[in-house]
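Residue-level structure breakdown
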Amino acid sequence: MNEYDSNRILDLVKSIGYTATNNPSDADCYVLNTCHIREKATDKVYHDIGRLKKEFRNRKKPMLLVTGCVAQAESVEMLNREKYIDGVVGPQSYHLIPEIIKKIESNKNKNKINSTEFDVVEKFDTLNLIKNSSSKISSYLTIQEGCDKFCHFCVVPYTRGPEFSRSFSEVVKEAKQLVQNGSKEITLLGQNVNAYEYIDQTNTYRLSDLLVKLNNFKELNRIRYTTSHPKDVTKDLIQAHKSCDKLMPILHLPVQSGSSKILNAMNRKHSILEYHEIIEELKRVKPDIRFSSDFIIGYPGETEDDFNQTLDLIERVQFINSYSFIYSPRPGTPAPKKDTINPDVSKKRLIRLQAALEENNSKYKNEFLGKSIEVLFENKLDKQNKYFGRDKFLNSVIVESDQDLSGQLMYIEVNNFNHNSLFGTISNDEKRNFAA
Ligand code: SAH
Ligand code: SF4
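Being a predicted model, the structure only gives us computed values, none of them experimental. (Residues numbered from 1 in each chain as written. Chains lettered and ligands numbered in written order. Predicted model: local features only at pLDDT ≥ 70, side-chain atom pairs only at ≥ 80, totals over all residues. Heavy atoms only, no water.)

Observations concerning the overall build of the protein chain
What counts here: Under the DSSP-based scheme used, a helix requires at least four consecutive residues in state H or I and a strand at least two consecutive residues in state E, with every element numbered from the N terminus. Computation of the radius of gyration draws on C-alpha atoms alone. For the globule rule, the value is 2.2 Å times the number of residues to the power 0.38. Burial here depends on accessible area, computed with a 1.4 Å probe over protein chains only, as a share of the maximum for the residue type. Under 20% is buried, over 50% is exposed, and the range in between is partly exposed. Contacts between residues were defined by any pair of non-hydrogen atoms, one from each residue, lying within 4.5 Å. Each accessible area is a Shrake-Rupley result for a 1.4 Å probe, and residues are judged covered by the shown protein chains and nothing else. In summary, the charge assignment counts Lys and Arg as positive and Asp and Glu as negative, without counting His or the chain termini. Charge placement uses NZ in Lys and CZ in Arg. For Asp and Glu, CG and CD serve respectively.
What the protein chain contains, in helices and strands, is 14 helices and 20 strands. Against the 2.2 N^0.38 benchmark of 22 Å for 436 residues, the protein chain shows a C-alpha radius of gyration of 23 Å, consistent with a compact globule. Summarising its shape, the C-alpha atoms of the protein chain cover approximately 65 × 55 × 55 Å along the three principal directions. Burial analysis of the protein chain (436 residues in total) assigns 52% to the buried set. Considering only contacts in the protein chain between residues 6 or more positions apart, those separated by 24 or more positions represent 73%. As displayed, the protein chain offers around 20,900 Å² of accessible surface, 49% of which is attributable to carbon and sulfur atoms. Each charge sign in the protein chain was given a centre, from 62 positive and 59 negative side chains, and these centres are 3 Å apart.

Shown next as structure tokens:
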């Protein structure tokens, strides 16, 4: 979502004559768009500011805005700690950035700027008037923001605010712009994307309605959505996986833990049994569907038995392309302060869990060898004759080619793989041996 927001910030500042540069030392203004989900993200912000100060040591200081969830959560603290920052702007007020830059430019505003209101309606009202200029083959499109679920470990409900769904027609309009710009794949985004619900005078629109609508766009090849919460996987959404042929057969459905006891302590609002039921229902309508997940290791109270249940779940669901993190205590969240897990125990568990995920991943990728997969190519890798694309399951695929493959949908015969990617050659054989 930060990538979507950063692109939209760029669209906004074009109106006041700013553009993006690839050369950091050229910049007149820096926008550090930040994430607050885990502690490390905050450290990275201060580290980046340190680098910036070095770069501009004997030169005029560039303007510096810190945006995103770190700015939202630590606004005053940041302005006090780091004088180099000219303003902090929260994720629901970044539509004000052109105004803020103008104020700082004219130096009328001697005080630092703190813009951290939750103006989500006003934000999208402003953004709806500005064309989305992203011309990426694979583009993101935010349809929903915020969260009302209040998992006990998570800062999102406090930094992004309550659940908000954008107007159905505005989302469709922006999707059309992206397709006109050349996008062949759209990923619909939300902190809880499947909680999307937009009500007008006549209808209630859900995520499934958007999927069906986008599925009819002729020039669009692929649709994805992320991140979904198990609690909001409704019947109509499951049905969309059957009826929308452009909806890709991989679902990121974070489970966090394989233990119902820990899920309960986290306030996830579902059990492991219910999670399995959702997976089975989706498999019934879409037999080739695969799942990816996020896992949190070492949540307070996690015993060896709880952790083993997470390993069992991984074995049973055979997740691919998943993310795992050691629990990071976040300020203001209600996760218990007692029963914390010794960091060495958490680290060892994380290593075991990642080894299990990796083992499944290589077993799974091994099955691709000698088979053909459909790849949507996105871009050329820097200064090489290699092109980067993704298969239906979001696996990264790299192929050498003299011809420009960007934007093309092609069959690739896989001949190698590593931890990150599949490698192959363009498959010309009419009698292709398709991967499952
Ligand atoms: N709304 C999504 C997740 C959004 S946050 C959902 O509920 O599934 C993305 C991921 O960050 C989470 O799935 C979780 O695994 C991780 N995360 C969030 N807070 C965390 C914390 N305090 N410590 C470690 N990981 C965390
Ligand atoms: Fe955070 Fe997701 Fe839980 Fe919302 S549902 S509180 S975003 S982890």
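Concerning the pattern of salt bridges
As a reminder of what qualifies: In what follows, salt bridge is the name for a side-chain nitrogen of Lys or Arg lying within 4 Å of a carboxyl oxygen of Asp or Glu.
Counted by the stated rule, this structure contains 27 salt bridges. With a closest N to O distance of 2.8 Å, Arg-8 and Asp-11 form a salt bridge. Residue Arg-8 and its partner Asp-11 are located together in helix α1 (residues 2-13), separated by 3 residues, close to a single helical turn. For the pair shown, Arg-8 and Asp-11 are each scored as buried. The network of salt bridges with common partners includes Arg-8, Asp-11, Lys-14, Arg-166 and Glu-174.

Remarks on helix α8 (residues 168-180)
Using the following cut-off: A helix is expected to reach a length of 1.5 Å times the quantity of its residues less one.
The end-to-end C-alpha distance of α8 is 19 Å, a good match for the 18 Å that 13 residues give at a rise of 1.5 Å each. Phe-168, Glu-170, Val-171, Val-172, Glu-174, Ala-175, Gln-177, Leu-178 and Val-179 are the residues of α8 that are buried. Directly beyond the C-terminal end of α8, a positive phi value near 115° is found at Gly-182.

A word on the site of ligand 2
We count it as follows: Nearness is judged by heavy atoms alone; a residue qualifies as near a molecule or strand once a single heavy atom is within 4 Å of it. Basically, the charged four are Asp, Glu, Lys and Arg, the nonpolar ten are Ala, Val, Leu, Ile, Met, Phe, Trp, Tyr, Cys and Pro, and anything else, Gly included, counts as polar.
Every residue near ligand 2 is listed here: Cys-147, Lys-149, Phe-150, Cys-151, Phe-153, Cys-154, Val-156, Pro-157, Asn-192, His-229 and Arg-268. Residues of the shell around ligand 2, tallied by class, amount to 7 nonpolar, 2 polar and 2 charged.

Some points on the sheet that holds strand β5 (residues 138-142)
Quick reminder of the rule: Should DSSP find at least two bridges between two strands, the strands are regarded as paired. Only the stretch in contact is used when a helix axis is fitted, and all axes are lines through C-alpha atoms; the angle between N-to-C directions ranges over 0 to 180 degrees.
Reading across from one edge, β5-β8-β11 is the order of the 3 strands in this open sheet, with parallel pairing throughout. The outermost strands of the open sheet, each flanked by one partner alone, are β5 and β11 (222-226). Each strand axis lies, on average, 25° off the axis of its neighbour in the sheet, ignoring direction. Across 5 bridges, the pairing between β5 and strand β8 (residues 185-189) is parallel. Among the inter-strand pairings, Thr-142 is bridged to a residue of β8, identified as Leu-189.

Digging into the site of ligand 1
The test is simple: Each polar contact in these results corresponds to two N or O atoms within 3.5 Å; when the atoms are within protein, one needs to be able to donate a hydrogen and the other to accept it, and residues that are neighboring in sequence are counted only if both atoms are side-chain atoms.
Taken together, 17 residues form the shell around ligand 1, and within it Gln-191, Gln-256, Arg-268, Asp-294 and Ser-328 come nearest. One of the side-chain nitrogen or oxygen atoms of Arg-268 is found 2.8 Å away from an oxygen atom of ligand 1. Interatomic distance of 2.8 Å between a backbone N/O atom of Ser-328 and a nitrogen atom of ligand 1. Coverage of ligand 1 by the protein chains reaches 90% of its 540 Å² of free accessible surface.

Digging into the packing of aromatic side chains
Under the convention used in this document: Only rings of Phe, Tyr and Trp enter the pairing, Trp through its six-membered ring, and a pair is recorded when the two centres are within 6.5 Å. The plane angle decides the type: under 30 degrees is stacked, over 60 is edge-to-face, the rest tilted. Only Lys NZ and Arg CZ are tested; either one counts as a charge over a ring when it is within 6 Å of the ring centre and within 35 degrees of the ring normal.
If you walk through the whole model with that rule in mind, you get 9 aromatic pairs. For the ring pair Phe-150 and Tyr-158, a centre distance of 5.6 Å and an interplane angle of 75° mean the geometry is edge-to-face. Its relative accessible area of 37% is what places Phe-150 among the partly exposed residues. Seen from their ring centres, Tyr-299 and Tyr-327 are 5.2 Å apart, and the 75° between their planes marks the pair as edge-to-face. Taken together, the residues span a long stretch of sequence, with Tyr-299 in the loop between β14 (294-297) and α13 (304-317) and Tyr-327 in the loop between β15 (323-326) and α14 (343-366) at a distance of 28 residues. Judged on exposure class, the residue Tyr-299 and its partner Tyr-327 are both buried. An aromatic cluster is built from Phe-153, Tyr-299 and Tyr-327, whose rings are joined through pairwise contacts. A cation over a ring is seen here: Arg-81 above Tyr-46, with NZ or CZ 3.5 Å from the ring centre.

Regarding the domain arrangement of the protein chain
Basically, it comes down to this: Delimitation of the domains relies on an automatic or database domain assignment. The term buried area refers to how much accessible surface (probe radius 1.4 Å) is lost by two components on association, counted for both of them together.
When cut into domains, the protein chain gives domain 1 (2-118), domain 2 (122-296) and domain 3 (372-426). The centre of domain 2, based on its C-alpha atoms, is set 26 Å off from the matching centre of domain 3. Residue-level contacts link 12 residues of domain 2 with 12 residues of domain 3. For the pair domain 2 and domain 3, the two sides together bury roughly 980 Å², of which 66% comes from carbon and sulfur. Our count for the domain 2 to domain 3 interface comes out at 1 salt bridge. Between Arg-222 and Glu-374 there is a salt bridge, and its shortest N-O distance comes to 3.7 Å. Counting every contact that joins domain 2 to domain 3 gives 5 residue pairs in polar contact (both at pLDDT 80 or more).

Here's the deal with the sheet that holds strand β4 (residues 113-115)
In a beta sheet, neighbouring strands pair by backbone hydrogen bonds and run either parallel or antiparallel. Strand order in the open sheet formed by 4 strands is β1-β2-β3-β4, with parallel pairing between adjacent strands. In this open sheet, the two strands that pair with only one neighbour each are β1 (29-34) and β4. Strand-to-strand twist in this sheet, taken as the mean axis angle between neighbours without regard to direction, amounts to 15°. Judged from the 3 bridges that link them, strand β2 (residues 63-68) and strand β3 (residues 87-89) form a sheet pairing that is parallel. Bridged to Val-66 within β3 is Val-88. Packed onto the sheet, α1 meets β1 and β2 and runs at close to 155° relative to β1.

Here's the deal with the packing of α8 against helix α9 (residues 207-215)
Selection criterion: By definition, turning the near helix anticlockwise from the far helix through less than a right angle yields a left-handed crossing, and turning it clockwise yields a right-handed one.
The geometry of α8 relative to α9 is characterised by a closest axis approach of 11 Å and an angle of 35° between their N-to-C directions. The crossing of α8 and α9 is right-handed. Listed contacts from α9 to Phe-168, Val-171, Val-172 and Ala-175 of α8 are Asp-209, Leu-210, Lys-213 and Leu-214.

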